[in-house]
Amino acid sequence: MANIPQFPAFDPDCDQTNLSQRWVKWLKRFENLLIVSDIKSAEGKRAFLLHYADDRVCDIFDTLKDTGGAKDYDIAKAKLTEHFKPRQNTAMEIMHFRRARQLSNETVDQYHTRLQGLAAHCEFADVDKEIKQQIIETCTSTRLRRRALELVDDDSSLTKILDMACRMEDAAHDARVMECSANNGSATVTNSHEVCKVQGGHRDQRYHAKPNIKLSRKPHHNWSHGTRLASEGVNNKCYNCGGDYPHQGSCGPLLESSDTEAFLPFTSEMEMNRLYQ
């Protein structure tokens, strides 16, 4: 090959807490590179492995025993994998698995992927069964838990529970979208209704509300009232005698009702009834 593709080296010293997981991930990507580069011979694979792994890994590889010859790629890969594999405490790994809980911002599918990583070092006899049980016990959805418990063992496979969870999450999302749209529409309708209600209220008050006017039962022969009427340009007549108002002295003789009505067009019906009594 004239041009060697670029590929990130593996650093065995940057993070010792997940050294084995990082090595396995790097090795998988490296083997994909071999396929893309069309490297098929064991000798070429071994050479590329030590080249891309970089100097620090080569130094570790030189300290290992029984690493095989130049054409033994599988032996070299197995020796390095064994070296980077930490001494595991299965009881602690199981404890970490059991303590896992679904996060509030985590879908069931994402939680399932996380549980798979935690179960990788637990040495479970049936990994899917353990993961299914953990999801049922610790998922955030009470509805999913109840639906899963309703299923018999033959029908409650991990795949079926994951499909059920996916449908529930999609339905919940769609329902929230519909409710938000409905609430926005209701708010618009409510606002329009309130505007109409207020406008209608003003209209009712304008056309139907009765003015708060109290009619006085006392004779309208005080000077202040007469002065006000005169200033307003009203033809002032006394309600009692029919003469000019205001006048000096007592009222003259009362007019007939027909005459009174002639100069009192502004007198209310209630006041007229009072005058005629």
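Above this text is the structure in question.
Residues numbered from 1 in each chain as written. Predicted model: local features only at pLDDT ≥ 70, side-chain atom pairs only at ≥ 80, totals over all residues. Heavy atoms only, no water.

**Quick notes on unusual backbone geometry**
Let me state the cut-off plainly: Strands are runs of DSSP state E lasting at least 2 residues, helices are runs of H or I lasting at least 4, and numbering of each runs from the N terminus. Here the term buried applies to any residue with accessible area under 20% of the maximum for its type, exposed to any over 50%, and partly exposed to those in between, with areas from a 1.4 Å probe on protein chains only.
Notably, Asp54 is not glycine yet its phi reads approximately 85°, a positive angle. With respect to the helices, strands and loops of the structure, Asp54 is situated in helix 2 (residues 42–63). Judged by its relative accessible area of 37%, Asp54 falls in the partly exposed class. The backbone of Glu123 shows a phi angle near 55°, a positive value even though the residue is not glycine. Mapped onto the elements, Glu123 comes out in the loop between helix 5 (108–119) and helix 6 (127–138).

**A word on the pattern of salt bridges**
Going by this rule: Whenever Lys or Arg places a side-chain nitrogen within 4 Å of a carboxyl oxygen from Asp or Glu, that contact is recorded as a salt bridge.
Counted by the stated rule, this structure contains five salt bridges. Among the salt bridges present, the one from Lys40 reaches Asp38, with a minimum N-O distance of 3.7 Å. Grouping residues by exposure puts Lys40 and Asp38 together as exposed. Glu130 serves as the salt-bridge partner of Arg98, at 2.7 Å between the closest nitrogen and oxygen. Here Arg98, found in helix 4 (residues 90–98), pairs with Glu130, found in helix 6; they are 32 residues apart in sequence, far enough to count as distant.

**Quick look at a positive patch on the surface**
Going by this rule: For patch building, the residue pool is restricted to those with more than 30% relative accessible area and no salt bridge; the joining distance is 9 Å between like charges and 5 Å between nonpolar side chains (Val, Leu, Ile, Met, Phe, Trp, Tyr). The protein chains shown are the only cover counted for residues, whose accessible areas, like all others here, come from Shrake-Rupley with a 1.4 Å probe. Charge convention: Lys and Arg are scored as positive, Asp and Glu as negative, and His as well as the terminal groups of each chain are ignored. Charged groups are reduced to one reference atom each: NZ for lysine, CZ for arginine, CG for aspartic acid, CD for glutamic acid.
A contiguous patch of positive charge, built from Arg143, Arg147, Lys160 and Arg167, is present on the exposed surface. Among the secondary structure elements, those contributing two or more residues to the positive patch are helix 7 (142–150) and helix 8 (158–207). Taking relative accessible area as the criterion, Arg167 reaches 53% and is therefore assigned exposed.

**Remarks on helix 6**
Heads up, the rule is: One less than the residue count of a helix, multiplied by 1.5 Å, gives the span that helix is expected to have. Residues adjacent in sequence count toward polar contacts only when both atoms are side-chain atoms; beyond that, a polar contact is any pair of N or O atoms within 3.5 Å, and within protein one must be able to donate a hydrogen and the other to accept it.
If you check helix 6, its first and last C-alpha atoms are 16 Å apart, about what twelve residues at 1.5 Å a residue would give, namely 16 Å. Restricting attention to buried positions, one finds in helix 6 the residues Ile131, Lys132, Gln134, Ile135, Ile136 and Thr138. With a side-chain oxygen lying 3.4 Å from the backbone nitrogen of Asp128, the N-terminal cap of helix 6 falls on Asp126.

**Examining the side chain of Arg46**
Note the following rule: Any two residues whose heavy atoms approach within 4.5 Å at even a single point are treated as in contact.
For Arg46, the position within the fold is in helix 2. At a separation of 3.5 Å, a polar atom in the side chain of Arg46 contacts the main-chain carbonyl oxygen of Gly68. Reaching out from Arg46, the side chain makes a polar contact with the backbone oxygen of Gly69 at a distance of 2.6 Å. Discounting chain neighbours no more than four positions away, the residues touching Arg46 are Phe61, Thr67, Gly68, Gly69, Ala70, Lys71, Asp72, Tyr73 and Ala76.

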